[in-house]
Amino acid sequence: LQRSGVDAGDHPPISPTRAAPRGALRGGPARGLYTAVVRHFIATLLPTATAEQSCLAAEASDERFELRWHRVIERGWLHALPHRTEGLGLVEGIPLSFDAVKQGDELPLVASEL
């Protein structure tokens, strides 16, 4: 998963210049800003995040249903920026049992509601 964007060359990335002394940033906006800068800086040092896309499609009574998901293979820079997972459309926690479903398999209909 490549991070999109264009380097316009207008300024270098914002980088932390030193560690904040313990207790110097006790919550509030300063702490949040410092944390964001440090997390983004650390993310630039981590490898690329990779994921594989899967799709499970099924038909029942002439209706088509699809479930698409991305399984994270390597979290890479997402270790530093875990909140970006949702914004990238990554859905984690899809059961591994879906990997065993092959084209032509019949799946039982567990529930139906209108």
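For the structure itself, look to the data block above.
Draft legend 1. Highlighting the nonpolar core. One finds Ala43, Ala49, Val72, Trp77, Leu78, Ala80, Leu81 and Leu90 forming the largest nonpolar core, which totals 8 residues. Discounting chain neighbours no more than four positions away, the residues touching Leu81 are Arg39, His40 and Ala43.

Draft legend 2. Just the layout of surface pockets, in detail. There is about 760 Å³ of room inside the largest pocket. Elements supplying a minimum of two residues to the lining of the largest pocket: β1 (50-60) and β2 (63-74). The dominant element in the lining of the largest pocket, judged by the number of residues it contributes, is β1, at 7 residues. Classifying every residue of the lining of the largest pocket by side-chain character gives 15 nonpolar, 4 polar and 6 charged.

Draft legend 3. Summary view of the pattern of salt bridges. With the rule as written, the count across this model stands at 3 salt bridges. Taking the shortest distance from any N to any O, the salt bridge between Glu66 and Arg64 comes out at 3.1 Å. Take Glu66: its relative accessible area is 42%, and that puts it in the partly exposed class. Arg68 is paired through a salt bridge with Glu66; the nearest N and O atoms lie 3.0 Å apart. Residues joined in a network through salt bridges with shared partners are Glu59, Arg64, Glu66 and Arg68.

Quick notes on the rules
Residues numbered from 1 in each chain as written. Predicted model: local features only at pLDDT ≥ 70, side-chain atom pairs only at ≥ 80, totals over all residues. Heavy atoms only, no water. Core = buried A, V, L, I, M, F, W, Y, C linked by side-chain atoms within 4.5 Å. Buried < 20%, exposed > 50% of the residue type's maximum accessible area, 1.4 Å probe, protein only. Contact = heavy atoms within 4.5 Å. 1 Å grid on protein atoms, 1.4 Å probe; cavity = no way out; pocket = protein on both sides within 12 Å on 5 of 7 lines; lining within 4 Å. Points joined across faces, edges and corners; volume = space filled by probe spheres on them. Helix = DSSP H or I, 4+ residues; strand = E, 2+ residues; numbered from the N terminus. Nonpolar A, V, L, I, M, F, W, Y, C, P; charged D, E, K, R; others polar. Salt bridge = Lys/Arg side-chain N within 4 Å of Asp/Glu carboxyl O.

Any functional reading would require information that these geometric values do not contain.
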